[in-house]
Amino acid sequence: MIRKNKVVQGIVFSIIGLFTLITMVILIVIVFHIISNGLKGISLSFILQYPEEMGKSGGIFPVIVGTLYVTLLAVIIAAPVGVLAAIYLTEYAKKGKVVELIRFGTETLAGIPSIIYGLFGFAFFVIALGFRWSILSGALTLSIMILPTIIRTSEEAIKTVPMSFREGSLALGATKWQTIAKVVIPPAMPGILTGVILGVGRAIGETAAVLLTAGSSLNFPTSIFSPTRTMSVHLYILSSEGLSKLNSYATATLLIVIVFIINTFANLIIRRYNRILGRG
């Protein structure tokens, strides 16, 4: 019986490994295709110039700035709320139906299509609150989208901290909040940062929700109430309307590079933090 289970387990692992390999090969082929075509259109002028002829020519400087503004503001809004919500759910809330309902709600929100968030943001932020198409409307909509990811990831990271850490801190006379802030959060920080990174990755690549809330203006944004166009929206418009195939590939390549730089920088911070904590 044990031998049979090992055989079945080996077959399952082999199938999973095969599909993982196929997925990785497909991903590498797609990324290589985009980058090999996009590098032809990337230059310093393409990065620093303003778009011309609706993006058919010129650069994408306002688009890059708009992308960074929307993403950064969304993370600034969502990260503190998500982490504090995770702290409350793990450290303060008593187990019961209310907590289970909240967790079920966050998991459900994580699976809602982005177009639904976009319609909600358009109806609530753009029209009802009068923010119009703007960076603020787009950022608020994206913050709601990435909030479930940050909450669930932060919650799991906090749960990995041993209970003995809390008990030892409380036994030494520390308050509940002092224990959370100085004993629980530091070891959980790498996991929390991972959740934030996942949120950034989703926010920076979102199209439908941003198009309905931030607009698609090619003007340089001067405030959070200015409409803007993100790189993902710019890529969608260039591709769907057939304005410029070369600029489409160049925009996609720059988007991949920006995401790669953000992820690399965040991983370096996590590794350095782990060294400080003595984890390697």
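Residues numbered from 1 in each chain as written. Predicted model: local features only at pLDDT ≥ 70, side-chain atom pairs only at ≥ 80, totals over all residues. Heavy atoms only, no water.

What follows is about the packing of helix α3 (residues 61–92) against helix α8 (residues 176–204). Where α3 contacts α8, the axes come no closer than 9 Å and their chain directions differ by 140°. One element, α3, and the other, α8, form an angle in the oblique class. Crossing handedness for the pair α3 and α8: right-handed. Contacts between α3 and α8 involve Thr67, Thr71, Val75, Ala79, Val83, Ile87, Glu91 and Tyr92 on the former and, on the latter, Lys176, Trp177, Ile180, Val184, Ile185, Ile192, Val196, Val200, Ala203 and Ile204. Among the residues forming the contact of α3 with α8, the class breakdown is 14 nonpolar, 2 polar and 2 charged. (Axes fitted to C-alpha atoms, helices over the stretch in contact; angles between N-to-C directions. Helix = DSSP H or I, 4+ residues; strand = E, 2+ residues; numbered from the N terminus. Parallel < 35°, antiparallel > 145°, perpendicular 65-115°, else oblique. Left-handed = near helix turned anticlockwise from the far one by under 90°. Contact = heavy atoms within 4.5 Å. Nonpolar A, V, L, I, M, F, W, Y, C, P; charged D, E, K, R; others polar.)

Scanning the model with the defined rule gives 8 aromatic pairs in all. Ring centres 6.4 Å apart and planes at 40° place the aromatic pair tyrosine 50 and phenylalanine 220 in the tilted group. Of the two residues, tyrosine 50 is situated in the loop between α2 (44–48) and β1 (51–52) and phenylalanine 220 in the loop between α9 (208–213) and α10 (231–240); the sequence distance between them amounts to 170 residues. For tyrosine 50, a relative accessible area of 43% puts it in the partly exposed group. Accessibility expressed as a relative area gives 32% for phenylalanine 220, which makes it partly exposed. Ring geometry for phenylalanine 124 versus phenylalanine 125: centroids 5.1 Å apart, planes at 70°, classification edge-to-face. (Phe/Tyr/Trp six-rings, centres within 6.5 Å; stacked < 30°, edge-to-face > 60°. Buried < 20%, exposed > 50% of the residue type's maximum accessible area, 1.4 Å probe, protein only.)

Feature annotation in UniProt assigns "domain: ABC transmembrane type-1" (unreviewed entry) to the following positions: residues 64–270. Secondary structure across residues 64–270 divides into 79% helix and 0% strand, with the first and last C-alpha atoms of the span separated by 26 Å. (UniProt positions renumbered as here; feature names shortened; annotations may be inferred.)

Looking now at the nonpolar core. With 35 residues, the main nonpolar core has Leu142 and Ile158 as its most contacted residues. Going through the elements one at a time, α3, α5 (114–128), α6 (135–159), α8, α9 and α10 are the ones with two or more residues in this core. Sequence-distant contacts of leucine 142, defined by excluding residues within four places in its chain, comprise Val70, Ala74, Ala203, Glu206 and Val210. Ile64, Ile204, Leu218 and Ile258 belong to the second-largest nonpolar core, a separate cluster that totals 11 residues. (Core = buried A, V, L, I, M, F, W, Y, C linked by side-chain atoms within 4.5 Å.)

Along the polypeptide, serine 45 turns up in helix α2. With 212 residues separating them in the primary sequence, serine 45 and valine 257 have C-alpha atoms 17 Å apart.

This part is about the domain arrangement of the chain. Domain parsing of the chain yields domain 1 (2–40) and domain 2 (42–277). Look at where the C-alpha atoms of domain 1 and domain 2 centre, and you get two points 28 Å apart. For the pair domain 1 and domain 2, the summed buried area comes to about 680 Å², and 71% of that belongs to carbon and sulfur atoms. The tally of links between domain 1 and domain 2 comes to 4 residue pairs in polar contact (both at pLDDT 80 or more). Its residues assigned to classes, the side of domain 1 that touches domain 2 shows 3 nonpolar, 3 polar and 1 charged. (Domains from an automatic or database assignment. Buried area = accessible area lost by both parts, 1.4 Å probe. Polar contact = N/O pair within 3.5 Å; in protein donor to acceptor, adjacent residues only side chain to side chain.)

This structure, assessed with the given rule, holds 6 salt bridges. Close ionic contact of arginine 152 with glutamate 155 constitutes a salt bridge, the shortest N to O distance being 2.8 Å. One end of the pair is arginine 152 and the other is glutamate 155, both in helix α6 and 3 residues apart, which spans about a single turn. (Salt bridge = Lys/Arg side-chain N within 4 Å of Asp/Glu carboxyl O.)

Relative to the helices and strands, serine 137 resides in helix α6. Take serine 137: its relative accessible area is 0%, and that puts it in the buried class. Side-chain polar atoms of serine 137 contact the backbone oxygen of arginine 132, separated by 2.8 Å. Excluding residues within four positions of it along the chain, serine 137 makes contact with Phe125, Val126, Phe131, Arg132 and Thr213.

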